[in-house]
Every structure is written in C-alpha cells, then in structure tokens.
Amino acid sequence: DDVGLVDDIQRETPEEREEAQDRGDKYDEDEYRRVQAEDTPGAGVPNLSHNEATGHATRKHERVKTAGTETRASALDEHDGSISDDTRWSEEQCDVAAREWVEDRERDYAARMAKGGKSDLLFFLHIPRTAGRSFHFCYLKLATPERKRCDKSYDELRMDPHDPHCEMLATHDDYSLVERFDRQPKIVTMLRDPVARFLSSYEFAVEVSVRSFGNDVHTTNKQRVSTREIWPWEHCVRHIDNDLRSYKKRVDEDGVKDSIQNVYNNSVYTPLHEFVELPMAHDDLHNGQFMQLMGMTSNASPETEPHAHKLRECVRKNKAVEVLFDYAKRRLREEIDVTVVHERLDDSLRYSSAALGMHMSGPSYVPNRPPPRHTATLKKRMARWLERNKRDVEPSAVVGFVFNFDKLTGDQLEKNPWRQGYERAMRAALAIATRVSPEDVAITPHQRDDWRANEMGFQIAIVRFPAGYAEESPRDPKVLSPDTLLERLREARRDESDAGFLVDGADGFDAYGTMNILAEGRAAESKETPGTYQIDVDDFGTDPEYMPLGQRYRECERAQKRKYSRLKTKAFRSLHQHVEGEFEPFVKEDRRLIPSSLVDRIREINHLDVRLHDFALELFDERVKESAKELDDEKLPPRLPI
C-alpha cells in the first residue's frame, strides 16, 4: 500500500478561493488560514510572538564553543519558521533542515534520558479516532489510582511539565509536548488503518455537529470539556456547524427541505469527496498519525517546534520525507514504550497490561470519595415523600435518585412557569422509561423544597412502581423495571457516564447536556413494621467494591458503547426533523456507498500514515511474539452484551 509521494497536492491559491466562494462555498477559508497563521499552540502552551518563537529557536540551537569544537550555526536558524512567510523551502533546504531536526531531536532525547532514565509519568499520546477513548478511559485511567491521575488536559495542559506531580497523562497533543518535559516519560500510543481513521473522523465531525444542529455549545460543568474546544475537532466540527447553519437558513427562506440518500454525499453538509480536499483536512487529519508522532501537527507547541509548519511542507520532498520517516520508525521502536494497534484491540490490551505492569487480574480504581451529602439527602427526601404520599395499596417498589444536567442551573429551575413545564416533561419521560403513570413519578428539589438551594441544579427523582407491577408489565427488555433501573443508575454513576437513557422517550433534553447520577436508592415496605419503609441508599464513598481491572474494563467498555450509541441515535433523530425522508446514520453498510476511487484517494494522500501503520503492525506482531509467555497470564474476560 505504499503509494509513494504526492507532490501535486497544493494549497488553494487566492484566486481559487475566490472562485470557490463565488460558487457558494460555505466555509470561511480566510478565517481558517488566519487561525492557522498563528500556528495554533499545543494544549496549555502560550501563543508566542514572532520574535519570542524565533528567539527561543535561536537559543535552543546555539552551539557552545569548547576545547576541540567549533561553533556551528543551524540551518533551521537561517529560517524564522514563521508560517505567515509564503516562501517555501527548496528540496535541498528541506533535506538539510530535516537532517538537522532529527539530529537535534535525538540529542534532546538522550539529554532527557541522562537525567535518571524514564520518569514515573505515563503519557498516552492519544491519536484521535483510534479507539483511544476506550483505551484511556476504561483501561489506563481505571488502572491508575485517582490521586496519581493528572488533571484532564485535552483542551489545555493542567500540569507543570517540569514538575508533574502526577503519573498518568492523556492528551491529543503531539510529541512536541514530550520535548517540554525535563525527563523522558513512558509513552503509549495506538495507531489505526489510515483510511478507516479518516472516515471515522469525518463521521464523528458530522455527528458532533448534528447533536446541536450547528449551534456552538458551552458547558457550565468545569469537569467537562466541549468537543469543539479540543484539537482537531475545534476546526472539523465547526466546519460542519457552518454547513448546517447555512442549510437551516436556506430552508427557513424557501421552505424546501433536502433529502439525504447518501450520508457521504448530500447537500446538507460537506460531502466526503470535498471534505477530503479541504486545507483543514490536510493540516489536521491527513497523515495525522505520522505528524502527531513526530510533533509536527498544526497543534504543535511553538515553544519546542517553531518550524513545525515548514517541516510539514517538507514531507512533499523526496529526500526530506525519507529522512523523517526513518526517524519516525526509530522513534516508534526506541522512544515509544508501548505501540498498539486498533485492529487488534484485545491483544493490545493484554500486551499493554504485561508491558506496563497494569495487569488484568490487578485492581481497578474507581473514585473513592467521602460519602457525599447526596447520599444522606436522598434517604431523607425519599422518607419524607413516602410519608406525604401514602396510598391504600402499598407499591411493589420505590426507586429514587439524585441527578443534574450539565447545562441546567439552579437559576433556571427557580423560574416557576418554565420549571413547571420542565417537571411535566421529566415525569413523562421517566414514566415512558419505566412504564408507570406520570402520577407515580415525582421531581423534587434537592433541599428544603427550595429550587434555589444549589447552583448546580441538583434534583431528586422518585419513581413509584405500583402493586402488581411485575405481573402486569410486559417483559420488554427496554422497560426499566426496579432492578434494571437501579443497575443502570449504578453503572452511570460509577462510570461517570451519561444517564440520558432515562429521557430518551422525549425530545428536547439534549439541550440540557449530560445527565449525571449522584446517588441512587430503593425503598420497600418493612416486613417487621407494616406501613413503614426500609430505605437502602448506596453508600458509595467509603468502601468501593473490588473488581479486577479486566472485568472493570469490560463493564466500562459496554457503558461507553451504550452511551455513544444513544448519543448517535439522538443526534441523527434531530437531523431527521430538518430533512425529507428517512436515512440510516453512518452504519457499516453505508461505507459501501463510498466510491473505490475516493477510498484510493484517501489512501494516496495518507501515504505516510499507510507506511507507518504497516510498520506498527509489524512491530506489534514482533513484540507480541517476544512476550507470548507473559501474555498468556493476562486474561481478558469476554465482551459483555450491549
């Protein structure tokens, strides 16, 4: 699959951009190029001025004259590295610059290793759309005690690279972040077939945009980050946002909706064949695995890689690209501690467990916090509600839980007319999910019957299952019986995943963001004292249950699949409202609609990623064979049914 170099792929000229805009191009290329002209910094990296960046580069590459040596100027220093400079390096200049860059990087790596070898920090160099989310969230994170995890850093770096004070970091930053550390961290990365990765990137950008139908969204929860704030989605998703806003405006003006016969080629959002050729796609997605490994992405740190843009241009040159690719292979083999592949995910997990000492039979770490006030509050509120709402016939069960939505605040809940409509909608949605009457569902304030008592919008839901519920209710697996409801609530709370499955039966709840579960419990009539209730609320803060890492991974994996399946379904349900007819949203069969010539084009453009992925597969096979005995001891349970 090594199709060689593609020298004829050029950026659009100003005249071509003007012509594209005259044709009604919906994407503002000038704005995109303006942003790129600032060489978008890596996560948490300050945006250096032109002089600061070049000054740093000059200092970094100065050669100190000592006995027996002479001061040598770097060819990289002869160019300021500013991407606003339209002058392109010649093939000879690229060759010289590439060789010096490799020499400098090897020297820097040796210097970091000379400071005591590898540090205690494990860095997951997360390449987007490689199954890294599951690998990080359900494996690396759960294998690391909470106190040792670095703060979330996908949008910005929240730790000091010179003094980390944590032992597990995951970001979409490229290798230029590693260059900022005083000591070399242990590094893990995962690669994927380049065509599949690019298609997945396109599908994901469309899906995320469709969730809010092109509207930029912001979360009030400081623990959560909007996808639109994370590279490379900050560009890709917003491009589709522009498409959807333009389409909606067109429909509002002429009243005519378009249909979607082909999810990869329609008039609602940018077709795949056009998306492939966008400058944004070339800068942020194509050959992204190679660029991220080398520290040359559009997200590279200007502090350590002021020449990233120039070097990206050099991959078009025959000599330079081979120099850089040879080093990419050496880096993957020698500097990356664990290289795994998407196509063999289970083997990748077993190999990682053996190589990192995070064994499948070892402990998993879920948050172990002191019992929160939600636990005691829920018990009191359930007891009070049951006392006030007694009936002649006792219910078969009562389930209660504390919850909130990311984007729904106490200030909004305080507004009485609006809240009354919200309460009716919540009661109806929970009634549909559990198949009880809306009269058997209550939504109450978190404290003192006062909706203004908390700014985070905490609420309590109580569902009464009437007597004879088990016998009368049909055996529908989609219906949440008391036992099933409690199980799903525990999963959502333990995995910190979205509990939106509770409100799937109603429209409009997507606008409130992620639904979080904070506590859950169940009440049943006391056998010893009829007419009173025994209320059991999960006390999840003091003694978390022990579960081996392998089993915990499978449970988390299932929860993540359920979550994203639900998000995808709801996202495209909202799109259906804006188009004529029905369509299937990015199912596997849809990829058959993509012309083979377009697939070949994607593979051709991604020639470096194709070669790198092939090498990664060979390297992975080699290391798995070398570790066969250790891998036999890593038992990963079978996948759980979704």
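Q: Before we go on, may I ask you to explain the sheet that holds strand S3 (residues 186-191) in this structure?
A: Each strand in a sheet pairs with another by means of backbone hydrogen bonds, the pair being arranged parallel or else antiparallel. As summarised here, the arrangement of the four strands in space is S2-S1-S3-S4, forming an open sheet in which the pairing is parallel. Pairing within the sheet leaves two strands with one partner each, and these edge strands are strand S2 (168-171) and strand S4 (338-341). Adjacent strand axes in the sheet meet at a mean angle of 15° when their direction is disregarded. Relative to S3, strand S1 (residues 122-125) runs parallel, the two being bridged by four bridges. By the bridge assignment for S3, leucine 125 is matched with threonine 189. The strands that helix H13 (residues 345-356) touches are S1, S3 and S4; relative to S4, the one it contacts most, it runs at about 165°.

Q: How should unusual backbone geometry be read in this particular structure?
A: The bulk of non-glycine residues show a negative phi, and the bulk of peptide bonds are trans. Between tryptophan 231 and proline 232 the backbone carries a cis peptide bond, its omega angle lying at 0°. With respect to the element layout, proline 232 can be found in the loop between helix H6 (194-211) and helix H7 (233-254). One non-glycine residue, asparagine 287, adopts positive backbone phi at about 55°. Note on asparagine 287: relative accessible area 8%, which makes it buried.

Q: Help me out: how do you make sense of the nonpolar core in this one?
A: If you look at soluble globular proteins, the nonpolar side chains tend to sit buried side by side. Ranked by size, the top nonpolar core spans 113 residues in total, and within it Tyr269 and Phe290 carry the most contacts. Examining the composition of this core, we find that nine residues originate from one element, H6, more than from any other. Residue contacts for phenylalanine 290: discarding those within four places in its chain leaves Val315, Leu324, Phe325, Ala328, Leu608, Asp609 and Leu612. Listed in part, the 36 residues of the second largest apolar core include Trp451, Leu485, Leu486 and Ala506.

Q: It is not clear to me how the sheet that holds strand S7 (residues 459-465) should be interpreted in this structure. Could you clarify?
A: Ordered by their spatial adjacency, five strands build an open sheet running S6-S7-S5-S8-S9, and the pairing between neighbours is antiparallel. The open sheet terminates on both sides in strands that have one partner only, identified here as strand S6 (441-445) and strand S9 (533-537). Between one strand and the next, the sheet's axes are offset by a mean angle of 20°, whatever the strand orientation. Summarising the sheet, strand S5 (residues 397-405) and S7 pair through seven bridges and their orientation is antiparallel. Looking at the pairing, valine 402 lines up with isoleucine 460 of S7. Each of S5, S6, S7, strand S8 (515-525) and S9 is contacted by helix H14 (residues 373-388), which is oriented at about 45° to S8, the strand it contacts most. Sitting on the sheet, helix H18 (residues 482-494) touches S5, S7 and S8, and the angle it makes with S8 is about 145°.

Rules used throughout
Residues numbered from 1 in each chain as written. Predicted model: local features only at pLDDT ≥ 70, side-chain atom pairs only at ≥ 80, totals over all residues. Heavy atoms only, no water. Pairing = 2+ DSSP bridges. Helix = DSSP H or I, 4+ residues; strand = E, 2+ residues; numbered from the N terminus. Axes fitted to C-alpha atoms, helices over the stretch in contact; angles between N-to-C directions. Contact = heavy atoms within 4.5 Å. Buried < 20%, exposed > 50% of the residue type's maximum accessible area, 1.4 Å probe, protein only. Core = buried A, V, L, I, M, F, W, Y, C linked by side-chain atoms within 4.5 Å.

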